[in-house]
Amino acid sequence: MSTTDEGVGEGTGPDDDWRRVQESTEFAQLRRRLRVFVFPMTVLFLIWYLVYVLLADYAQGFMSTKLIGNFNVGLLIGLLQFVTTFLITWAYVRYANRKLDPIADKIRAEVEGDAQ
Amino acid sequence: MRNLAAGVEGSNPTLNIIIFAAFVAITLVIVFWASRNTKTASDYYAAGRSFTGPQNGIAISGDYLSAASFLGIAGAIAVNGYDGFLYSIGFLVAWLVALLLIAELLRNTGKFTMGDVLAFRMKQRPVRAAAAISTLAVSFFYLLAQMTGAGGLVNLLLGVSGDVGQDIVIAVVGVIMVMYVLIGGMKGTTWVQIIKAVLLIAGALAMTIWVLAKYGFNFSSLLQGAVDRAGGGAKGEALLGPGKQYGKSDTSKLDFLSLAIALVLGTAGLPHVLMRFYTVPTAREARKSVVWAIGLIGIFYLFTLVLGYGAGALVGANTISKAPGTTNSAAPLLALELGGPVLLGFIAAVAFATILAVVAGLTITASASFAHDVYANVIKKGQVDSKSSEVRVARITALVIGAVAIVGGILAKNQNVAFLVALAFAVAASANLPTLLYSLFWKRFNTTGALFSMYGGLIICVVLIIFSPAVSGSSSAMIKGADFAWFPLQNPGLVSIPASFLLGWLGTILSREKTADKYAEMEVRSLTGAHAEKATVH
């Protein structure tokens, strides 16, 4: 196999085998579950980040509004970016462990088992 | 600046050098020890894929937290206040792109380099050549920025000044980095990054607690300290909100937007970050490594927020701006203020270790890309006589890169090349990320599309930078006294990233090539890990 030199390609079936797996309902489910999580989540965190950047760039008065002591809106939203990053990471890992890995493991076992 | 021979006042250069030499000695022993089992290409490039997720996560943070993010961000917060904090948020949020869209799929489909993934279903030679050119360009920009930074740091921390002294230190940095890479391969380099990350994060944690303790663990009082030190009133208060640095004009605001977009999209396209995902045995471990990296990098940036305002409060922006190395001196000066020469020596050594670990990571990535993509697959068309000849080429390339880095670092040491890091991120976000995303998720994508987005992104970035105020026509430009700038922004991302996505789409629909069959294999493998590269067993 030209894509990857020795090692990787061994035992992989011809293209129509991959096609067959790709068109299976199980794989369609895996793909849907992955995309239904990662695409909206990516859009969400990119918009949230962009809102933050635009506020810092064009709404400096608002961002400098003090809340408690010297702690202002800008610091709050900035720290919330950290919080959402940690939360999305945690949510993805939980989702992947429960919803993605079991199907992926099953399909992988079938594909690698087939080839032997 | 060359006249300030003493470096930071109150520092003890001999002590700094001793602590740094101890770090080099210890890491070299570990690199020798780690190299015992480096036999195959997989050992050399990917450490036999034997690191665990947490180990790799620590190494990723060691690779990612460069001197720019440690000294640079702390200094930017100390002098410009909130605006410095904005960088760290872009650098952190960027990891979600890597986590959700790239890391696991890349680990499942590739072998050693970014080129492996891009070439999976495309015509091998043109796509690998493009991937290697982009990898070498990003690595070169980043490497040059780090080496140049080393010269300034030397002046600041070790008290070595004058042309000859700085040249010698740049050469020493280059030689040590090449030794790590030649002897230890990826395994040795990874251990250097792990050790450095632990020292850096531990040092930053200690200083953070120390600073907070001085203000009764009240963050608001710390901020008040920074405001008062900056002269109080409206001038001091400006530190707390955004805009001090980027709010000057409409152009500077747009420039910041452009930078912010390049930072968030660039990280997941940095070749030395991508290559780290191959050092773990499975996609699941790759996921764990990103989780660890996000945790460590996030916490570290919270420390820099405290350290930056702490330096502003305890050292003062005026003192920092007058010190050799200006904003880069904020964290070291804070260390001196808190713990005297010993803590300064430790932080100085950590800063050097940081440069060493980052340049070693860049060198192994660039040499792997040349040997694996260009030599083995473009020149030898995948018919390399033995795997050891590919590794030999990689080692020779590492030597050449080391030499180029030393010469480049010496030539550029008095230049303002800070824009090179932004350029590296912009190229990664424009040339690499769109191509990776299309190739992982878009069935119709093909060779022409890949070449359009890679070369298009790279060329647009470089051309816009050359004609930007970073290179000519402004007071801080690299070439003084000339003005051929027509692009108003210092950061090309705002234009180059959308353009590159568009070019990738355009190239694809202009070509009749269909890669759906290979995509079936790629998609199944990327999502399930079937037939992914396994760890080497020794």
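Residues numbered from 1 in each chain as written. Chains lettered and ligands numbered in written order. Predicted model: local features only at pLDDT ≥ 70, side-chain atom pairs only at ≥ 80, totals over all residues.

Trainee: Would you explain the overall build of chain A in this entry?
Mentor: Secondary structure assignment for chain A yields four helices and two strands. Each helix (α) and strand (β) of chain A, taken in turn from the N terminus, gives the series α-α-α-β-β-α. Taking the intrachain contacts of chain A between residues at least 6 apart in sequence as the baseline, contacts between residues at least 24 apart amount to 59%. (Helix = DSSP H or I, 4+ residues; strand = E, 2+ residues; numbered from the N terminus. Contact = placed C-beta atoms within 7 Å.)

Trainee: So what exactly am I meant to see when it comes to the overall build of chain B here?
Mentor: When helices and strands are tallied, chain B shows 20 helices and zero strands. Computed over the C-alpha atoms, the radius of gyration of chain B is 23 Å, within 12% of the 24 Å expected from 2.2 N^0.38 for a compact globule of 538 residues. The principal-axis extents of the C-alpha atoms in chain B amount to approximately 65 × 55 × 45 Å. The contacts in chain B between residues at least 6 apart in sequence include a share of 81% that link residues at least 24 apart. (Rg over C-alpha atoms; globule rule 2.2 N^0.38 Å.)

Trainee: What is the right way to read the packing of helix α3 (residues 53-64) of chain B against helix α8 (residues 163-214) of chain B from this model?
Mentor: Helices that pack against each other are described as a pair by the angle of their axes relative to one another and the distance between those axes. Residues and elements named next belong to chain B. At a closest axis distance of 7 Å, the pairing of α3 and α8 adopts a crossing angle of 75 degrees. The angle between α3 and α8 places the two elements in the roughly perpendicular class. Two secondary-structure elements touch here, α3 through Q55, I58, A59, S61, G62 and D63 and α8 through T190, Q193, I194, K196, A197 and V198. A per-class count over the contact of α3 with α8 returns five nonpolar, five polar and two charged. (Axes fitted to C-alpha atoms, helices over the stretch in contact; angles between N-to-C directions. Parallel < 35°, antiparallel > 145°, perpendicular 65-115°, else oblique. Nonpolar A, V, L, I, M, F, W, Y, C, P; charged D, E, K, R; others polar.)

Trainee: Is there a simple way to think about unusual backbone geometry in this case?
Mentor: Apart from glycine, the bulk of residues carry a negative phi angle, and the bulk of peptide bonds sit in the trans form. Residue and element names in this part refer to chain B. The residue R49 is not glycine, and still its phi comes out positive at about 55 degrees. Looking at the secondary structure, you find R49 in the loop between α2 (41-46) and α3. The backbone phi angle of F217 is positive, close to 55 degrees, even though this residue is not glycine. The class for F217 is exposed, based on 11 C-beta atoms found within 10 Å. (Buried ≥ 20, exposed ≤ 12 C-beta atoms within 10 Å, placed from the backbone.)

Trainee: Sorry if this is basic, but what is going on with the confidence of the model for chain A here?
Mentor: All names here are of chain A. Across chain A, the average pLDDT comes to 86, with 84% of residues at or above 70. By mean pLDDT, the top-scoring element of chain A is helix α2 (residues 25-58) (95), and the lowest-scoring one is helix α1 (residues 15-23) (85). For residues 1-12, every residue scores under 50 in pLDDT, and the model assigns this stretch 18 contacts once sequence neighbours within four places are set aside. (pLDDT = per-residue confidence, 0-100.)

Trainee: Got a minute to help me understand the interface of chain B and chain A in this structure?
Mentor: Frequently, the measure chosen for interface size is the accessible area removed from exposure when the parts meet. Between chain B and chain A, the contact holds 48 residues from the first and 50 residues from the second. Listed by contribution, the elements that provide at least two residues to the side of chain B that touches chain A are α5 (82-109), α9 (219-229), α11 (250-266), α13 (283-314) and α20 (516-528) of chain B. Taken together, the residues of the side of chain B that touches chain A break down into 28 nonpolar, 11 polar and nine charged.

Trainee: Please explain α20(B) as it appears in this structure.
Mentor: Think of an α-helix as turning once every 3.6 residues; residues three or four places apart then point the same way. Residues and elements named next belong to chain B. Here α20 spans 18 Å end to end across 13 residues, near enough to the 18 Å set by a 1.5 Å rise per residue. Buried residues dominate α20, accounting for 10 of its 13 residues. Burial in α20 covers these residues: Y519, A520, E521, M522, E523, V524, R525, S526, L527 and T528. Just beyond α20, the residue with positive phi is G529, at close to 80 degrees. (Expected span 1.5 Å × (residues − 1).)

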